[in-house]
Amino acid sequence: MCELGEKLREARERRGLSLGEAARQLALKAEVLEALEECRFERLPEPALARGYLRRYALLLGLDPGPLLALYPSAPSLPPPAPPRPRRQRRARAGLERG
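Let us look at the structure shown here. (Residues numbered from 1 in each chain as written. Predicted model: local features only at pLDDT ≥ 70, side-chain atom pairs only at ≥ 80, totals over all residues. Heavy atoms only, no water.)

1. Overview of the packing of aromatic side chains
In total, this model carries one aromatic pair according to the counting rule given. Between Phe41 and Tyr72, the aromatic rings sit 4.9 Å apart at their centres with planes inclined by 75°, giving edge-to-face as the arrangement. Placement of the pair is Phe41 in the loop between helix H3 (30-37) and helix H4 (47-60) and Tyr72 in the segment after helix H5 (65-71), with a sequence separation of 31 residues. Overall, the relative accessible area of 4% leaves Tyr72 in the buried class. (Phe/Tyr/Trp six-rings, centres within 6.5 Å; stacked < 30°, edge-to-face > 60°. Helix = DSSP H or I, 4+ residues; strand = E, 2+ residues; numbered from the N terminus. Buried < 20%, exposed > 50% of the residue type's maximum accessible area, 1.4 Å probe, protein only.)

Right under this line is the structure:
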């Protein structure tokens, strides 16, 4: 577990909240909070959304979101995108050419 996840989990446990209870209060799936606490950033949605979830979670737990957002990776380790597939060229149909 990374420092970010440890801080979140410890704060949640100090407040006596389960993951499910915190998720209900934030209207999120418990899996999102679990991914934040376990630092499994590849399981989270796009970074802008994930950072918003982290901010809201920190506020719920009474934490300052700034230092936690600084711990969130700017580019989570995701596999590189697949190269684009080459486009097929359309063949002109006989008799349909303009001119």
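The discussion continues.
2. So, the nonpolar core
Formed by 24 residues in total, the largest nonpolar core has its most connected members in Leu8, Leu33, Leu36, Leu44, Leu54, Tyr57 and Tyr72. Where this core is concerned, the elements lending two or more residues are helix H1 (3-14), helix H2 (19-26), H3, H4 and H5. For this core, the element with the highest residue contribution is H4, accounting for five residues. Leaving out residues up to four positions away in the same chain, Leu54 has contacts with Leu4, Leu8, Leu36, Leu68, Leu69 and Tyr72. (Core = buried A, V, L, I, M, F, W, Y, C linked by side-chain atoms within 4.5 Å. Contact = heavy atoms within 4.5 Å.)

3. Some remarks on H3
Turning to H3, its buried residues number three or more, namely Val32, Leu33, Ala35, Leu36 and Glu37. Just downstream of H3, Cys39 is the residue with a positive phi angle, here 55°.

4. Here we look at the pattern of salt bridges
Following the criterion strictly, the structure yields four salt bridges and no others. Here Glu37 ties to Arg12 by a salt bridge, and the two come within 2.7 Å at their closest N and O atoms. In this pair, Glu37 sits in helix H3 while Arg12 sits in helix H1, placing the two residues 25 residues apart along the sequence. Its relative accessible area of 9% is what places Arg12 among the buried residues. (Salt bridge = Lys/Arg side-chain N within 4 Å of Asp/Glu carboxyl O.)

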